[in-house]
Structures are given as structure tokens and as C-alpha cells.
Amino acid sequence: MSMKLTFEGRTALVTGASQGIGRAIALALSLAGVRVIGAARRSALIDALSEQAQSAGGRPIDSLGFDMAEPGASRSLAAAAVDLAGGAIDILVNAGGASRPIALQSPDAEWNEAMQIGFFSPRELTHALLPGMCARNWGRVVSITGTSEPQFLSASTPAKAALHAWSKGVSLEVARNGVTLNCIQPGRIRSEQLMRRLPTPDDERRYAEQLPMGRLGEAEELAAAALFLVSSEAAYVSGVVLPVDGSFRRFAF
Ligand SMILES: NC(=O)c1ccc[n+]([C@@H]2O[C@H](COP(=O)([O-])OP(=O)(O)OC[C@H]3O[C@@H](n4cnc5c(N)ncnc54)[C@H](OP(=O)(O)O)[C@@H]3O)[C@@H](O)[C@H]2O)c1
């Protein structure tokens, strides 16, 4: 058996493709020969990524503007992506989102928006694309989640926990249709949101010293795991939560 990952003319939709983890996954898929549609609010950044992908020998990356905070935007994005793809989205990577520290007294609206971005939006997008995947008997969904070990109160942690439980449940429903759903739990991966908190090289060095590997993870290292999960070779891997965290989590099980 060849160790080469195969994608056989697949088309992927990647949210959060303007920055960080989603951007690295969109680029890696394009370099692997997959037709990629990227979505985020800053679609111009995805157009710039497309140029970069093509100069490196990858396929062009189409962009669609999309705000996950807007109820109903996921359904419109799914329809626009299917249209752009000429009928089939085979691979969905839910990488858009953000961590969201929150005060105990925060109003309901803030919690609701965090759930909208962190859970309702990726759930709606996935459910809109699943019937097509099931009908074609092939599909891959990877959701980028986050820690299950809260170190402070964050409104995104319960949304990520909901994604874990939902992804597992749906994976059972579509297991006989050639469709897999998995989650990747990032540790501390270099990204726009993390680097805002570490503006100088000294800040990064001090922060990285606390991590088991003494360094941040790179988005490309997480993209490598995502590429495996969406490949044809990963057909029997479904319903898992895969940490890509340099052994950051405390518990083995
Ligand atoms: N990096 C880490 O160490 C780490 C750790 C744990 C979990 N995560 C999770 O990994 C996922 C990816 O984050 P990242 O680290 O790659 O961060 P990032 O560099 O800040 O990228 C976040 C991406 O999500 C998009 N996004 C954010 N809010 C959006 C909205 N309202 N509508 C549409 N798109 C939106 C952003 O695009 P626009 O701003 O252009 O819309 C951007 O492309 C997030 O869910 C994050 O919580 C990351």
C-alpha cells in the first residue's frame, strides 16, 4: 500500500480560510490537488492565499464571504459553495471561530453569539452539506475544536464540547454512507488570535517555555493531520477527537 494520500478530484469547503489553521488547511489541500473554496469575513485574504497557492504549484482557491455570527449565513454559504463547485462538496473543514473568554456576569446575548459561532453555525453548515455527501456515498467532515480542560471561563469551550458530542452522534448516523466526521483539538498553535496575545519574541519565548515541547505548534503541523482525516485512506477513522497539541493536555484518556 502506498503511503501517499489520495483525494481523487474532490472539492473542499474550508471555513476560517483567511487566517491561521483554516488558511493552512486550505493551502495544503490546494497543494494536494483538491479544488478548494474558502470562506471567512475577510474574503480578500483568501484571494491573496489563492495567489500564494498557485505560485507554489497548487490549484486556485475560490473565496466566499461569510459571517458565522449571522443566523442563517451557513445555509446561504452551503448553497453558494455547492453552486460554485458545480454540484458537489465532498470535504468540509469547519475551521472558522475564536476562543472567547467571558465574564461571569456577561449578558445572554454574548453566550448566544458564542454558541452561534462555535456550534450552531458549523452544525448548520454540515447538515446542509451532509445529504449530498450521503447521496454520493463519500464525504469527510473535520471540525477544529479546542480544549476540553477549561483553565478559565470561556464561552467557546461549551460550544467546542457540543461539537465533539454532535460530531460523534452524526458520525453514527452516516457511517454506512461513506461519510466520516472527526474533530481536531488544537493545542497552542501559532495563529492570528494567539499571536495577538504574544506581540514580541520575548512574550512568545516565555509562553513557549510552559509548553511540553518548548514551542508553539505550527498551523501546517495541524493541517497534516487534517489532510489525513479528509483523505480516501482515512475511510475507517470516524467519530474521533484527535488532539494535535504537542502533549499539552493533562489527561491520557
Ligand atoms: N490556535 C490555537 O492555538 C487554537 C487553540 C484552540 C482552539 N483553536 C480553534 O481553532 C479554530 C481556528 O482558529 P485559529 O487558531 O486558526 O485562529 P485565527 O488565526 O484567528 O483564525 C480564525 C479564522 O476564523 C474566521 N472567523 C472568526 N470569526 C468569524 C466569523 N464571525 N465569521 C466568519 N469567519 C470567522 C477568521 O476569518 P475572518 O476574521 O476573516 O472572518 C479566521 O479565518 C478556532 O475555532 C479556534 O477557537 C485554536
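Above this text sits the structure in question.
Residues numbered from 1 in each chain as written. Predicted model: local features only at pLDDT ≥ 70, side-chain atom pairs only at ≥ 80, totals over all residues. Heavy atoms only, no water.

### Thoughts on the overall build of the chain
- Along the backbone of the chain there are eight helices and seven strands.
- Overall, the chain is about 45 × 40 × 40 Å in size when its C-alpha atoms are taken along their principal axes.
- The buried share of the chain, taken over its 253 residues, is 47%.
- Surface exposure of the chain reaches about 12400 Å², of which carbon and sulfur atoms provide 55%.
- Distance from the positive charge centre (24 side chains) to the negative charge centre (24 side chains) of the chain: 4 Å. (Helix = DSSP H or I, 4+ residues; strand = E, 2+ residues; numbered from the N terminus. Buried < 20%, exposed > 50% of the residue type's maximum accessible area, 1.4 Å probe, protein only. Areas by Shrake-Rupley, 256 points an atom, 1.4 Å probe, with all protein chains shown as cover. Lys, Arg positive; Asp, Glu negative; His and termini not counted. Charge placed at Lys NZ, Arg CZ, Asp CG, Glu CD.)

### Here's the deal with the environment of T147
- Counting through the fold element by element, T147 comes out in the loop between β5 (139-144) and α5 (156-173).
- Spatially, the C-alpha atom of T147 lies 7.4 Å from that of P186, the residues being 39 residues apart in sequence.
- Residues contacting T147, with those up to four places away along its chain left out, are T157 and Q185. (Contact = heavy atoms within 4.5 Å.)

### Re the nonpolar core
- By size, the foremost hydrophobic cluster in this structure holds 35 residues, and its most contacted members are I25, L29, I144, I184 and L222.
- Elements supplying a minimum of two residues to this core: β1 (11-15), α1 (20-31), β2 (35-40), α2 (43-55), β4 (91-94), β5 and α8 (219-230).
- Top element by residues in this core is α8. It accounts for eight residues.
- Once residues within four sequence positions are removed from consideration, I25 is found in contact with V93, I144, L222, A223, A226 and L227.
- Ranked by size, the runner-up nonpolar core spans 28 residues in total, among them F66, F119, L125 and M133. (Core = buried A, V, L, I, M, F, W, Y, C linked by side-chain atoms within 4.5 Å.)

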